[in-house]
Amino acid sequence: SAAGCVLLRAPLDTPPAPAAVLLAPQAIGPCDSLQLDATTSTGGGGRPMRFAWTAAVDSAQITSSANLQAASASLPAIQAALDVASEADQGRVTLDGALLPGGSAFSFTVVAGHFLSGQTGNRTLAVRVAEEPVPSNQIDGAAVRTIRRDQSLRLSMFARASSCGDDTSAGK
């Protein structure tokens, strides 16, 4: 074997720009946990992406001053949970329903980045916490599907009652 030096240079092309994708329900019940999922974000250059999470009270969607106060009071605990996820670069975060008071609303932002540079992509999503139980619905399969117009598409869905609902709320 021969000894020698090899000069390595940075790639000529610019690194892929991260594109943040944030999936979460638009509304949850007052006892339901909230899962924020950014794991389908792209642009990591083949390596794990970095994630930073923030939350803000969405006062435009809150209808009473008592609910606005409750939301504002819960924000530090919500942000603390998101800070833990940010430190660990977690692309998926689950917030306990006890942190999310009924009648409140929050905007959640994820900033996704990669190892090559300071380039980031961000996405913000508003989530309303209802005062009454809300059923959850989920369509099975991938979040994005591509078909041609001459193909058919069949979807299956899963529905679940709220974790805090009781039998008397089913008819409301």
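Before reading further, recall that the structure is shown in the block above.
(A) Highlighting the side chain of N67. With respect to the helices, strands and loops of the structure, N67 is situated in helix α1 (residues 65-87). On the basis of relative accessible area, N67 is assigned to the buried category, the value being 11%. With near-sequence residues (within four places) excluded, N67 lies in contact with I62, G102, G103, S104 and E131.

(B) Spatial organisation of the pattern of salt bridges. Counted according to the given criterion, the structure contains two salt bridges. In this structure, D37 and R92 form a salt bridge, with 3.2 Å as the shortest nitrogen-oxygen distance. Of this pair, D37 sits in strand β2 (residues 34-37) while R92 sits in strand β4 (residues 92-95), and the two are 55 residues apart along the sequence. D37 gets classed as buried once you look at its relative accessible area, which sits at 13%. Given the relative accessible area of 43%, R92 is considered partly exposed. The residue D150 makes a salt bridge to R148 at a minimum N-O spacing of 3.2 Å.

(C) Here's a closer look at the sheet that holds strand β6 (residues 120-129). A sheet is described by the order of its strands in space; here four strands give the open sequence β1-β6-β5-β3, paired in mixed fashion. Every interior strand has two partners, whereas the edge strands, β1 (27-28) and β3 (50-57), have only one. Looking at chain direction, strand β5 (residues 105-113) and β6 are connected through nine bridges and run antiparallel. Within the sheet, the bridge partner assigned to S107 lies in β6 and is A126. Sheet strands in contact with α1 are β3 and β5, and its direction is about 175° off that of β3.

(D) Summary view of unusual backbone geometry. Located in the positive-phi region is D89, a residue other than glycine, with phi close to 55°. You can call D89 partly exposed: its relative accessible area is 35%.

Criteria and thresholds
Residues numbered from 1 in each chain as written. Predicted model: local features only at pLDDT ≥ 70, side-chain atom pairs only at ≥ 80, totals over all residues. Heavy atoms only, no water. Helix = DSSP H or I, 4+ residues; strand = E, 2+ residues; numbered from the N terminus. Buried < 20%, exposed > 50% of the residue type's maximum accessible area, 1.4 Å probe, protein only. Contact = heavy atoms within 4.5 Å. Salt bridge = Lys/Arg side-chain N within 4 Å of Asp/Glu carboxyl O. Pairing = 2+ DSSP bridges. Axes fitted to C-alpha atoms, helices over the stretch in contact; angles between N-to-C directions.

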